[in-house]
Amino acid sequence: MGGLATPLRCAHASSLLFATKPSLIQPRLASRFARLSLAINCVAQPESGASEGKRIVPSRVARPVLDINDKGEIYMKDVGGVASVEEGEVKRRAKPDSTRISVGVKKSSAVPRYSKAARRFYNETYRAESERLSKVLAAAGVASRRSSEEIIFAGRVKVNGKVCTVPQTPVNPLKDIIFLDGRSLPKKAPPKFYFALHKPKGYICSSAKDAPKPVLSLLEEYWKIWDKKNPGGVRPRLFTVGRLDVATSGLLLITNDGDFAQRVSHPSSGLTKEYIATVAERVTKRQLQLIAAGTKVQDVHVVPTEVEPLPVEAGDARQRIRIVVCEGRNREVRELVANAGLEVLGLKRVRIGGLTLSRKLGPGKYEALTEIQVNTVLNLQ
């Protein structure tokens, strides 16, 4: 019996079991030893790897079949055979928690697998990391990163019941209670929305409710369809990515993804914006040089990336200038043109990053951006 407590070698497994006297084995285990020895005879092979003497295992004893690993150890294996009548009798007479004979039973070392819901709960509850308050607000779709900082400075945000005016304050959005204007910030981030809008003249980039002709009102048709598909759902809070002044038209991005807005609008991203400026007169070489030399905007000297005159149409005294900038400061292009002594009659933005304003998108029209288009904006495609 002591020899059976350790794994048996193939060459000696059959002889060891047959050498065991049945009189020394408990009656209720006699049937198991008989089937065990038969199974060994059926699957055991010589150490040389030859397969002589293999026999087919009868179905009545096929359930406790033994297997042999590369080291020559024998392991119990269940192949779902049919138990014999004698085996059923032995099981019915056996007491619970009775002594069992294990022949090198192999234990699984695999890590238990958990459901997606269990893993998500663990990650959100125990592995959530603290982030800057301004970044949390931006990720929740409150506003862009820069606008979120202004909201925090204004004292409109409370963290765990206390007013917080420091954007760099570390918070955990899943554990800390954050209030904005008296309303709790949702724990779960809302789905992300991305729109490309052809802004017409006369509209302003403001999300204020009392603002005259806000560009967000041009999306009202989309939200009517959205309300039908999501009855009772709360509309996400959208904002513009950067701004175009009231007299400027062209491509404007709208989203609720603060991180995306930060990457697009911040100068450190290196994303360029292309404008077409229409001036009242023909442009001279000297004036183009003045535009290319740059000027001071908001106490910062800015220089355009590219300046190029476009062909003049026959019989038209006006001329268009293609100007590409990287900073994207307020009224930057207008200040560059004015510094050259030119009067701007019209200004239109036609490109942001890698995304160009579609010709199919007329003034006041919009389109929801796909994931590919969003990556195109960031020059990731």
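Predicted, not measured: the structure shown is a model, and the values here were computed from it.

### Concerning the overall build of the chain
Scanning the chain from N- to C-terminus turns up 11 helices and 19 strands. Classification of the 381 residues of the chain by burial places 38% in the buried group. A separation of at least 24 residues holds for 61% of the contacts in the chain among residues at least 6 apart in sequence. Surface exposure of the chain reaches about 23200 Å², of which carbon and sulfur atoms provide 52%.

### Some thoughts on unusual backbone geometry
Residue Lys213 is not a glycine yet carries a positive backbone phi of 50°. Examined against the element boundaries, Lys213 turns out to sit in the loop between β9 (194-199) and α7 (220-229). Taking relative accessible area as the criterion, Lys213 reaches 45% and is therefore assigned partly exposed. Even without glycine at this site, Asp299 takes up a positive phi of about 65°. With respect to the helices and strands, the residue Asp299 is situated in the loop between β13 (295-297) and β14 (300-302). Residue Asp299 is classed as exposed on the basis of its relative accessible area, which comes to 74%.

### Some words on the sheet that holds strand β7 (residues 178-180)
Taken together, the 4 strands give an open sheet; going across it, the order is β5-β4-β7-β8, and neighbouring strands pair in antiparallel fashion. Two strands bound the open sheet, and with one partner strand each, they are β5 (162-163) and β8 (183-184). Where strand β4 (residues 157-159) and β7 come together, 3 bridges link them in antiparallel fashion. By the bridge assignment for β7, Lys158 is matched with Phe179.

### Digging into the nonpolar core
Of all hydrophobic cores here, the largest spans 32 residues; its most connected members are Leu238, Ile291, Ile321, Ile323, Val333, Val337 and Leu342. Breaking this core down by element, the ones donating at least two residues are β9, α7, β11 (248-255), β12 (273-279), α9 (285-293), β16 (319-325), α10 (332-339) and β17 (344-352). The residues contacting Ile323, other than those within four sequence positions of it, are Lys273, Glu274, Tyr275, Ala277, Ile291, Pro304, Glu306, Val333, Leu336 and Val337. In this structure, Ala261, Leu361, Leu369 and Val377 belong to the second largest nonpolar core, which totals 18 residues.

### Section: the packing of aromatic side chains
Going through the model one piece at a time under the given rule, you end up with 8 aromatic pairs. Members of the aromatic cluster, connected to one another through ring pairs, are Phe193, Phe195, Tyr222, Trp223, Trp226 and Tyr366. Taking the ring centre of Tyr203 as reference, the NZ or CZ of Lys213 above it sits at 4.7 Å.

### Considering the environment of Leu288
Along the chain, Leu288 turns up in helix α9. Owing to a relative accessible area of 17%, Leu288 belongs among the buried residues under this scheme. C-alpha separation for the pair Leu288 and Val307, spaced 19 residues apart in sequence, amounts to 7.1 Å. Look past the residues within four positions of Leu288 in its chain and what remains in contact with it is Val283, Val307, Pro309 and Ile321.

### As for the pattern of salt bridges
Inspection of the entire model under this criterion finds 7 salt bridges. Linking Arg322 and Glu274 is a salt bridge whose minimum nitrogen-to-oxygen distance equals 2.9 Å. Placement of Arg322 in strand β16 and of Glu274 in strand β12 is noted, with a sequence separation of 48 residues between them. Overall, Arg322 belongs to the buried group, its relative accessible area being 15%. A salt bridge links Asp316 to Arg318, with the shortest nitrogen-to-oxygen separation between them at 3.5 Å. The exposure class of Arg318 is partly exposed, given its relative accessible area of 43%. What emerges from the salt-bridge pattern is a single network uniting Glu274, Glu306, Glu308, Arg322 and Arg351.

### Things to note about α10
Buried within α10 we find Glu332, Val333, Arg334, Leu336 and Val337. Taken from the residues just after α10, Gly341 is the one with a positive phi, measuring 80°.

### A closer look at the environment of Lys162
Position of Lys162 among the secondary structure elements: in strand β5. Separated by 17 residues in the primary sequence, Lys162 and Phe179 place their C-alpha atoms 9.4 Å from one another.

### Some thoughts on the side chain of Gln287
Structurally, the position occupied by Gln287 is in helix α9. Among all residues touching Gln287, those that are not within four sequence positions of it are Glu281, Arg282, Ala340, Gly341 and Leu342.

### Observations concerning the confidence of the model for the chain
In the predicted model, the chain carries a mean pLDDT of 76, and 68% of its residues have values of at least 70. A low-confidence stretch, residues 1-25 stays under pLDDT 50, and its non-local contacts, those more than four residues away or across chains, total 39 contacts. Contacts of residues 95-108 to residues separated by more than four positions or lying in other chains number 22 contacts, the stretch itself having pLDDT below 50.

### A look at the pairing of β12
Of all 7 residues that make up β12, 7 are buried, and the element is covered over most of its length. Burial along β12 is two-sided: the face carrying Lys273, Tyr275, Ala277 and Val279 and the face carrying Glu274, Ile276 and Thr278 are both buried. Pairing analysis gives 7 bridges linking β12 to β17, with the strands arranged antiparallel. Note that in β17 the partner of Glu274 across the bridge is Arg351.

So, how was this worked out
Residues numbered from 1 in each chain as written. Predicted model: local features only at pLDDT ≥ 70, side-chain atom pairs only at ≥ 80, totals over all residues. Heavy atoms only, no water. Helix = DSSP H or I, 4+ residues; strand = E, 2+ residues; numbered from the N terminus. Buried < 20%, exposed > 50% of the residue type's maximum accessible area, 1.4 Å probe, protein only. Contact = heavy atoms within 4.5 Å. Areas by Shrake-Rupley, 256 points an atom, 1.4 Å probe, with all protein chains shown as cover. Pairing = 2+ DSSP bridges. Core = buried A, V, L, I, M, F, W, Y, C linked by side-chain atoms within 4.5 Å. Phe/Tyr/Trp six-rings, centres within 6.5 Å; stacked < 30°, edge-to-face > 60°. Lys NZ or Arg CZ within 6 Å of the ring centre and 35° of its normal. Salt bridge = Lys/Arg side-chain N within 4 Å of Asp/Glu carboxyl O. pLDDT = per-residue confidence, 0-100.

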